[in-house]
Amino acid sequence: SDSPKSPSTSITADDIATAYNAAYTAFGWMALTSVPPLDREDTYVVDNITYYRVDVSYIQSLSDLELYYNTLFDADTVQMLMEVNGEIGRFIENPDGGIYCIGFTYTPEGYSEEEVFTVTKNSDTSYTYSVAYHTVDEEGNKKHDHKENFKFEKVDGRWIFVDFYVYRQ
């Protein structure tokens, strides 16, 4: 499988940043803030809703999607994401093969483009990845400073985010 593997030896700030970007994007697939790479030429229509083939070599089914989520998140977050998909039907399997996704995305408003990231080592098996940003008003003026903290931990031999969420909603 071409699925990304979490680092098994020493972890670097760059490794954590890469994992965060992958987690943020993949979580957004259910939060409707991002879509996976899609083949917009390959469609599958169900109940007048057009789905597009997911163009990711290691995600060919809902099971593969769940496995991918398991490379990024703790079991509770994975279960929640798969349940959300069951409710909203963002991803669907084509009986003829492949997994398809609705192409809709939502771009949250009211957030600064600038973000500052810091990594804090809590222990040999736990880090905190912090994101500092600010909200803005309709004219783009700064309103409030914010900071989100994400736990990145080694669980059962793999580095994953625990209790992950997307704050730009």
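Everything below is about the structure shown above.
Now for a quick tour of the structure. None of the values given here were measured: they were computed from a predicted structure. (Residues numbered from 1 in each chain as written. Predicted model: local features only at pLDDT ≥ 70, side-chain atom pairs only at ≥ 80, totals over all residues. Heavy atoms only, no water.)

1. Points about the nonpolar core
Counting 38 residues, the largest nonpolar core has Tyr20, Leu65, Tyr69, Phe73, Phe161 and Phe164 as the members making the most contacts within it. Looking at which element gives the most residues to this core, the answer is helix α1 (residues 13–31), with nine residues. (Core = buried A, V, L, I, M, F, W, Y, C linked by side-chain atoms within 4.5 Å. Buried < 20%, exposed > 50% of the residue type's maximum accessible area, 1.4 Å probe, protein only. Helix = DSSP H or I, 4+ residues; strand = E, 2+ residues; numbered from the N terminus.)

2. Here's the deal with the pairing of strand β5 (residues 116–123)
With seven bridges joining them, β5 and strand β6 (residues 126–136) adopt antiparallel strand pairing. Looking across to β6, one finds that lysine 121 is bridged to tyrosine 127. Connecting the antiparallel pair β5 and β6 is a turn made up of two residues. (Pairing = 2+ DSSP bridges.)

3. Points about the packing of helix α2 (residues 62–70) against helix α3 (residues 75–88)
Between two packed helices, both the angle of their axes relative to each other and the distance between the axes serve to describe the pair. Here α2 crosses α3 at 150°, and the two axes come no closer than 9 Å. Crossing handedness for the pair α2 and α3: right-handed. On α3, the residues that touch Leu62, Leu65, Glu66, Tyr69 and Asn70 of α2 are Val78, Leu81, Met82 and Asn85. Split by residue class, the contact of α2 with α3 holds six nonpolar, two polar and one charged. (Axes fitted to C-alpha atoms, helices over the stretch in contact; angles between N-to-C directions. Left-handed = near helix turned anticlockwise from the far one by under 90°. Contact = heavy atoms within 4.5 Å. Nonpolar A, V, L, I, M, F, W, Y, C, P; charged D, E, K, R; others polar.)

4. Things to note about the packing of aromatic side chains
Under the defined criterion, the tally for this structure stands at 22 aromatic pairs. On the basis of an interplanar angle of 55° and a centroid distance of 5.9 Å, the ring pair of tyrosine 20 and phenylalanine 117 is categorised as tilted. Of the two residues, tyrosine 20 is situated in helix α1 and phenylalanine 117 in strand β5; the sequence distance between them amounts to 97 residues. Between tyrosine 20 and phenylalanine 150 the ring centres are 5.4 Å apart and the planes differ by 55°, which places this aromatic pair in the tilted class. Pair noted here: tyrosine 20 is in helix α1 and phenylalanine 150 is in strand β7 (residues 142–155), with a separation of 130 residues, a long-range link. Overall, the relative accessible area of 2% leaves tyrosine 20 in the buried class. (Phe/Tyr/Trp six-rings, centres within 6.5 Å; stacked < 30°, edge-to-face > 60°.)

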